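# Structural description and commentary
Take a look at the letters that make up each chain.
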Amino acid sequence: MKTAFTGLLLFFAFTIAAQQPKNVPSTTSVYNEEGKLQMLITYNPVCNCRTYTEFYHSGRILAKRTFKTEGRKEYIDGEDITYFPDGSIKHFKIWNNAYPEGRAFSNHENGKLEHEEFYENRFKAGTWKYYNERGELLKEVIFEKGRTPWNGKLNIATEKVYAAGKLLKTGPAGKEVPTAVSRAVETNGSTLFNKHCKSCHSPGKGPSLVGVVKRRRPEWLQLMIRDGMSLVQMGDRDAVQLYQKWLNIPHPPFKQLRSEEVAAIIQYLEIHK
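Residues numbered from 1 in each chain as written. Predicted model: local features only at pLDDT ≥ 70, side-chain atom pairs only at ≥ 80, totals over all residues. Heavy atoms only, no water.

## A look at helix 4 (residues 218-233)
The terminal C-alpha atoms of helix 4 lie 19 Å apart, and with 16 residues this falls more than 12% below the ideal 22 Å at 1.5 Å per residue. Extensive coverage of helix 4 is indicated by the burial of 13 of its 16 residues. Just downstream of helix 4 lies Gly 235, where phi reads positive at about 85 degrees. (Helix = DSSP H or I, 4+ residues; strand = E, 2+ residues; numbered from the N terminus. Expected span 1.5 Å × (residues − 1). Buried < 20%, exposed > 50% of the residue type's maximum accessible area, 1.4 Å probe, protein only.)

As structure tokens, this is what we get:
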């Protein structure tokens, strides 16, 4: 009964959001099966944009992102912030018309800066710096201006590696090396994916997940993982097409997963799919 009630909450929440007039502010709340707030969607007619705020199971904010709307398309624009469970900032990035701009950074859980990066005119720019949890400089990547696209994997840059405050080596940067934070997320996401997703999403079985993070918004993926049938019930075109293509077999719900666990799966897909 509780699961059915949650499905109805999701269905009505997104139905109401879709029916809100485009010229007035609106707010839509999405709750988990325990009745706790999972996501808040606010629409601002001034910028024609929606802000998606995700919450930890504890009620604290997990992430906050803003998307501009143009017709049926949405693209990220503005601040993109992820928080630790204690409310401190974990990741921060600013997007300008779907491209990162200016300074972005990640922190260690103890509050120390983990790394900072810079973007300019859709390219990686400036000097990116990486630190350990004690605040000691580990690496610098100095980019040649206008040479490495913002999403490029091969860095046209000079890399400097440090240990105990001393420069150990200098050379071409080459491929980007995962940070300690990204490795931890990848490991957790890999474990969760193998446990909950791999059996139905492997070569020759089930819908392909190759490029899915580029095709779908994080919020859509969050809801599909948690309760895909709610998307079908609300008439989401992509969800309905998938449902019909795969012989009306529903995507199993994973409402027991916390928001941060779902986010880890999505980040794993971004890296490996």
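## Considering the packing of aromatic side chains
Geometrically, a pair of aromatic rings is defined through the distance of the ring centres and the angle of the planes. Counted under the stated rule, the structure contains seven aromatic pairs. Residues Trp 95 and Trp 150 carry aromatic rings whose centres are separated by 5.7 Å and whose planes lie at 85 degrees to one another, so their mutual orientation is edge-to-face. Within this pair, whereas Trp 95 is found in strand 6 (residues 89-96), its partner Trp 150 is found in the loop between strand 11 (137-143) and strand 12 (154-163), the two being separated by 55 residues in sequence. The class for Trp 150 is partly exposed, based on a relative accessible area of 24%. Taken together through their ring pairs, the aromatic side chains of Trp 95, Tyr 99 and Trp 150 make up a single cluster. (Phe/Tyr/Trp six-rings, centres within 6.5 Å; stacked < 30°, edge-to-face > 60°.)

## Points about the state of the cysteines
Under the definition given, this model contains one disulfide. The disulfide partner of Cys 47 is Cys 49, and the gap between their sulfur atoms is 1.7 Å. The closest cysteine sulfur to the non-disulfide-bonded Cys 197 is located on Cys 200, 8.8 Å from its own sulfur. Overall, the relative accessible area of 11% leaves Cys 197 in the buried class. Taking the relative accessible area as the measure of exposure, Cys 200 reaches 43% and is therefore partly exposed. (Disulfide = S-S within 2.5 Å.)

## Considerations on the pairing of strand 11
In this structure, strand 10 (residues 123-131) lies alongside strand 11, joined through five bridges in antiparallel fashion. Paired with Lys 129 across the strands is Glu 140, a residue of strand 11. Across five bridges, the pairing between strand 11 and strand 12 is antiparallel. The residue bridging Lys 139 from the neighbouring strand is Val 161, located in strand 12. (Pairing = 2+ DSSP bridges.)

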